[in-house]
Amino acid sequence: MPNLDRGDFTLRVCDGVGAFTQTEWSELSGTSRGAPDYNPFLSHAFLSALEDSGCVARKAGWLPQFLRLEDGCGTLIGAVPCYLKSHSQGEYVFDHGWADAFERAGGRYYPKLQASIPFTPATGPRLLVRRDRDGDAVRAALANGLRQLTTQLGVSSAHSTFVTETDLPAFTDADFLHRIDQQFHFFNEGYSTYDDFLATLASRKRKALKKERRGALADDISIDWLTGGQLTPEIWDTFFAFYMDTGSRKWGRPYLNRKFYTLIGERMPDDIVLVMARRDGRYIAGAINFIGSDRLFGRHWGCIEDHRFLHFEVCYHQAIDFAIERKLRVVEAGAQGEHKLARGYLPVTTHSVHYLAHAGLRRAIDDFLEREREDVALMNHVLNEHTPFKKSDQ
């Protein structure tokens, strides 16, 4: 595939994060452990584990097509994690209806380009910039390069999901359409203990959460946090069984394989905490969380025994406990879930962008997104009126 040359820089298309050295990749925004903006899903360790395990590959419908932006001296100054996709699975921003409508009208929606982190509904930079370069200029070059690649490949569209507000202007200036959605995040307002957080809730809500947490552990269930060297192969075997049980019921075929968990356990163990529930001497449920510079990202949960409230305890309450203990500012608890509101997680707007090559399809989706944005904004307003926190007049 030819390069996209623009005089003062060259934009190359690469076959994945393996085309970058770890040193090169760590110089890009959000990718370096220990940096104040570190996002574990953007790390070389996470992305390479997806590739090396085969979870992302042509066969899986995620063919890596990373963009690599170099200056005139051949120095890496920007990148985009990008994939050529033959389906819309594992994205958490749904465009199946767009695909169906376009194909019924005689178009071909797949393949498409997807600039995102596979299987990961967590906001983070998608237009990655070397820290010592002009961010606006590099982001503009990358967004325009993604649009040009869409044309060059002759595909229907390019999409970038869970983008930051910093990335948005470069995308919209490059004729990407803006879409919004909703997640629920917990915000740590400097709490020293979980009880400090409870004190900010209305009395009825506070009592309900205390009762729920007691109920979750009523059957002699205890909770362990496992991280770093505690993530042994045996622990991963146990957690993978939980993941397969839930994933098989939720998606039909789970996205991740056992090798992926081995690789992240080897490459980024200190960025992971497993919240594991134990009963009668064995683990019966667990959730995996990833640790960023200032936030905890909740991802998958699974169990082999059903206990009332245990999902809420393992996935949401324990995440708050961990964030407070580690002084993390935010907990992102994954996609959807209005049930999180009652547990102290607040509605947050998420962003995605979409470039459609076909003029008719673009007009139809543009009209749809305008109405959808109004609906999502209204829902956020309504939900914010029903948070469990004390009202100002209480």
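Placed above this text is the structure.
Treat the numbers as computed from the prediction; the structure is a model and nothing was measured. (Residues numbered from 1 in each chain as written. Predicted model: local features only at pLDDT ≥ 70, side-chain atom pairs only at ≥ 80, totals over all residues. Heavy atoms only, no water.)

Student: Hey, could you go over the overall build of the chain for me, with residue numbers and the actual values?
Tutor: The helix and strand tally for the chain stands at 11 helices and 16 strands. A compact globule built from 394 residues would reach a C-alpha radius of gyration of about 21 Å, and the chain, at 22 Å, matches this within 12%. Its C-alpha atoms give the chain principal-axis dimensions of roughly 65 × 45 × 45 Å. Expressed as a percentage of the 394 residues in the chain, the buried residues total 57%. Within the chain, residue pairs in contact and separated by at least 24 positions form 76% of the contacts whose partners lie at least 6 positions apart. A total of about 17,100 Å² of accessible surface is found on the chain, and carbon and sulfur atoms cover 48% of it. (Helix = DSSP H or I, 4+ residues; strand = E, 2+ residues; numbered from the N terminus. Rg over C-alpha atoms; globule rule 2.2 N^0.38 Å. Buried < 20%, exposed > 50% of the residue type's maximum accessible area, 1.4 Å probe, protein only. Contact = heavy atoms within 4.5 Å. Areas by Shrake-Rupley, 256 points an atom, 1.4 Å probe, with all protein chains shown as cover.)

Student: So what's going on with a nonpolar patch on the surface? Which residues, and what values?
Tutor: A cluster of nonpolar side chains, namely Leu 378, Met 379 and Val 382, defines an oily patch on the protein surface of about 250 Å² accessible area. As for its placement among the helices and strands, Val 382 is situated in helix α11 (residues 359–384). In this structure Val 382 comes out as partly exposed when scored by relative accessible area, which is 35%. (Patch = residues over 30% accessible without salt bridge, like charges linked within 9 Å, V, L, I, M, F, W, Y side chains within 5 Å. Salt bridge = Lys/Arg side-chain N within 4 Å of Asp/Glu carboxyl O.)

Student: Could you give me a rundown of a positive patch on the surface, with the residues and numbers involved?
Tutor: Positive charge collects at one region of the surface, where Lys 207, Lys 210, Lys 211, Arg 214 and Arg 308 lie side by side. Tracing the backbone shows Lys 210 in helix α7 (residues 203–216). The exposure class of Lys 210 is partly exposed, given its relative accessible area of 39%. (Lys, Arg positive; Asp, Glu negative; His and termini not counted. Charge placed at Lys NZ, Arg CZ, Asp CG, Glu CD.)

Student: Could you give an account of the pairing of strand β5 (residues 76–80), naming the residues involved and the relevant values?
Tutor: Two faces, one strand: in a regular strand the side chains alternate between the faces of the sheet. Counting buried residues along β5, 5 of its 5 residues qualify, which places the element largely inside the surrounding structure. Pairing analysis gives 4 bridges linking strand β4 (residues 66–71) to β5, with the strands arranged antiparallel. By the bridge assignment for β5, Arg 68 is matched with Ala 79. Between the antiparallel neighbours β4 and β5 lie 4 residues, among them Gly 74 with a positive phi of about 85°. Bridging between β5 and strand β8 (residues 128–129) involves 2 bridges; their strand directions are antiparallel. Following the sheet pairing, Ala 79 is matched in β8 by Leu 128. (Pairing = 2+ DSSP bridges.)

Student: Now, about helix α10 (residues 310–326): what can you tell me, with residues and values included?
Tutor: Over its 17 residues, α10 extends 23 Å from the first C-alpha to the last, a length consistent with the 24 Å expected when each residue adds 1.5 Å. At Gln 318, α10 shows its largest kink, close to 30°. Burial within α10 is extensive, with 14 of its 17 residues counted as buried. In the stretch just after α10, Lys 327 is the one whose phi turns positive, near 60°. (Expected span 1.5 Å × (residues − 1). Bend = angle between axes of the 7 residues up to and from the residue.)

Student: Give a description of the sheet that holds strand β7 (residues 112–115) that names residues and reports values.
Tutor: Backbone hydrogen bonds hold the strands of a sheet together, and the pairing may be parallel or antiparallel. Ordered in space as β3-β6-β7-β9-β16-β10-β15-β14-β13-β12-β11, the 11 strands form an open sheet in which the pairing is mixed. Two strands bound the open sheet, and with one partner strand each, they are β3 (62–64) and β11 (222–227). Along the sheet, successive strands turn relative to each other by an average axial angle of 30°, direction set aside. Contacting β6 (83–85), β7, β9 (157–163) and β16 (346–356), helix α4 (residues 135–153) runs over the sheet at an angle of about 160° to β7. (Axes fitted to C-alpha atoms, helices over the stretch in contact; angles between N-to-C directions.)

By themselves, these observations are geometric and do not establish any function.
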